Amino acid sequence: GEDVEQSLFLSVREGDSSVINCTYTDSSSTYLYWYKQEPGAGLQLLTYIFSNMDMKQDQRLTVLLNKKDKHLSLRIADTQTGDSAIYFCAESKDDYKLSFGAGTTVTVRA
Amino acid sequence: DVKVTQSSRYLVKRTGEKVFLECVQDMDHENMFWYRQDPGLGLRLIYFSYDVKMKEKGDIPEGYSVSREKKERFSLILESASTNQTSMYLCASSLFRYEQYFGPGTRLTVT
C-alpha cells in the first residue's frame, strides 16, 4: 500500500545474507511485521517488532528498526533455497488492522 | 495447530453472478479479516469483523459485503461479480493484534 513501501525483487546467492528493506510513513505505528508467502500458500508471520525496540533476532532472522527514518529491514543469514518466497512488510497502530507493502519477491540462486 | 481454511482454492465465475467465499477458523479468535492480493499492490483490506455480527469496512469495501453469524465463520460476498474482482482472496483471523493467521487463499477468476 501507499503507507508501506518495499522494493519488488531481490536476487541472492545461496549461502549469502539477504536484506529486505521497507519504509513506512506513519510515525504512530506501534507494531511492524514481516510475513512470508510461499508459492500457492497464504501468509505466515515470520517475526514482529514493537516500535520501542531497535533490533530483534530470531535464529537466522534479524530485524532492524530505525524509527527516525521510518525504515525497517529483515536480514536472513545463510539464505537457503527454501527462503525463496514473497516477503511482506506490514505495520499497525493501536487497532487490529494491518497495512501491507506490495511484497518483495526473493529468488535464491545456486 | 492453528488452522484457517477457505472453501475453495480456485473458483471461476461469470460476470453478474453472486459469489460466496467462506472462511473458517478453529482457534476461537475474535477477529477475522478479508483481504485481496494483487501483484504489485500487496494485500488490501476489504472488511474485518471483531465479533459475531459485527463488521467494519476496510480500505476497499465497494462491491463486497460480509457476514459473520458464528464466531468461527466469516463469509465474503460479491453481490454481482465483475471482471475487476478477479484476484486472490485471503482470509485471516487473530486473537492478539500482532499475529494474524492466514488461510491458503482463493484464486477467483471472473469471466
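These remarks concern the structure in this document.

Overview of the overall build of chain B
Across its full length, chain B holds 0 helices and 11 strands. Secondary structure elements of chain B, listed N to C terminal, follow the sequence β-β-β-β-β-β-β-β-β-β-β. Expected size for 111 residues packed as a compact globule is a radius of gyration near 13 Å; at 13 Å, chain B falls within 12% of this value. With respect to the three principal axes, the spread of C-alpha positions in chain B is 35 × 25 × 25 Å. Put simply, chain B has 111 residues, and 48% of those count as buried. In chain B, once contacts between residues fewer than 6 apart in sequence are set aside, the share between residues at least 24 apart is 54%.

Observations concerning the interface of chain A and chain B
Each side of the interface is counted separately: chain A has 22 residues, and chain B has 22 residues. Between chain A and chain B lies a buried interface of about 1800 Å² when both sides are counted; carbon and sulfur atoms form 57% of it. For the interface between chain A and chain B, the tally reads 0 salt bridges. Inspection of the region where chain A meets chain B yields 3 residue pairs in polar contact (both at pLDDT 80 or more). Across the side of chain A that touches chain B, the residue classes tally to 13 nonpolar, 5 polar and 4 charged.

Concerning the sheet that holds strand E6 (residues 55–58) of chain A
Residues and elements named next belong to chain A. Ordered by their spatial adjacency, 5 strands build an open sheet running E1-E3-E8-E7-E6, and the pairing between neighbours is antiparallel. Only two strands of the sheet have a single neighbouring strand rather than two, namely strand E1 (4–6) and E6. Between one strand and the next, the sheet's axes are offset by a mean angle of 15°, whatever the strand orientation. Examined bridge by bridge, E6 and strand E7 (residues 61–66) share 4 bridges and lie antiparallel to one another. When the sheet's bridge partners are listed, Lys-56 is paired in E7 with Val-63.

With respect to the sheet that holds strand E7 (residues 64–70) of chain B
Hydrogen bonds along the backbone pair up the strands of a sheet, which may run parallel or antiparallel. All names here are of chain B. Within the open sheet, the 4 strands sit side by side as E1-E3-E8-E7. Their pairing is antiparallel. Edge strands, defined here as strands with exactly one partner in the open sheet, are strand E1 (4–6) and E7. Within this sheet the neighbouring strands show an average axis-to-axis angle of 20°, counted without direction. Taken together, the 5 bridges between E7 and strand E8 (residues 73–78) define a ladder with antiparallel strand orientation. Within the sheet, the bridge partner assigned to Ser-65 lies in E8 and is Ile-77.

Examining the state of the cysteines
All names here are of chain A. Within the structure shown, the criterion is met by 2 disulfides over all chains. The disulfide partner of Cys-22 is Cys-89, and the S-S distance across this bridge is 2.0 Å. Residues Cys-22 and Cys-89 are joined through a disulfide that is left-handed, its torsion about the S-S bond being -65°. Of this pair, Cys-22 sits in strand E3 (residues 18–24) while Cys-89 sits in strand E9 (residues 85–92); the two residues are 67 residues apart in sequence, bridging distant segments of the chain. The same class applies to Cys-22 and to Cys-89, which are both buried.

Basis of the calculations
Residues numbered from 1 in each chain as written. Chains lettered and ligands numbered in written order. Predicted model: local features only at pLDDT ≥ 70, side-chain atom pairs only at ≥ 80, totals over all residues. Heavy atoms only, no water. Helix = DSSP H or I, 4+ residues; strand = E, 2+ residues; numbered from the N terminus. Rg over C-alpha atoms; globule rule 2.2 N^0.38 Å. Buried < 20%, exposed > 50% of the residue type's maximum accessible area, 1.4 Å probe, protein only. Contact = heavy atoms within 4.5 Å. Buried area = accessible area lost by both parts, 1.4 Å probe. Salt bridge = Lys/Arg side-chain N within 4 Å of Asp/Glu carboxyl O. Polar contact = N/O pair within 3.5 Å; in protein donor to acceptor, adjacent residues only side chain to side chain. Nonpolar A, V, L, I, M, F, W, Y, C, P; charged D, E, K, R; others polar. Pairing = 2+ DSSP bridges. Axes fitted to C-alpha atoms, helices over the stretch in contact; angles between N-to-C directions. Disulfide = S-S within 2.5 Å.

So far we have only geometry, and geometry alone does not tell us how the molecule works.
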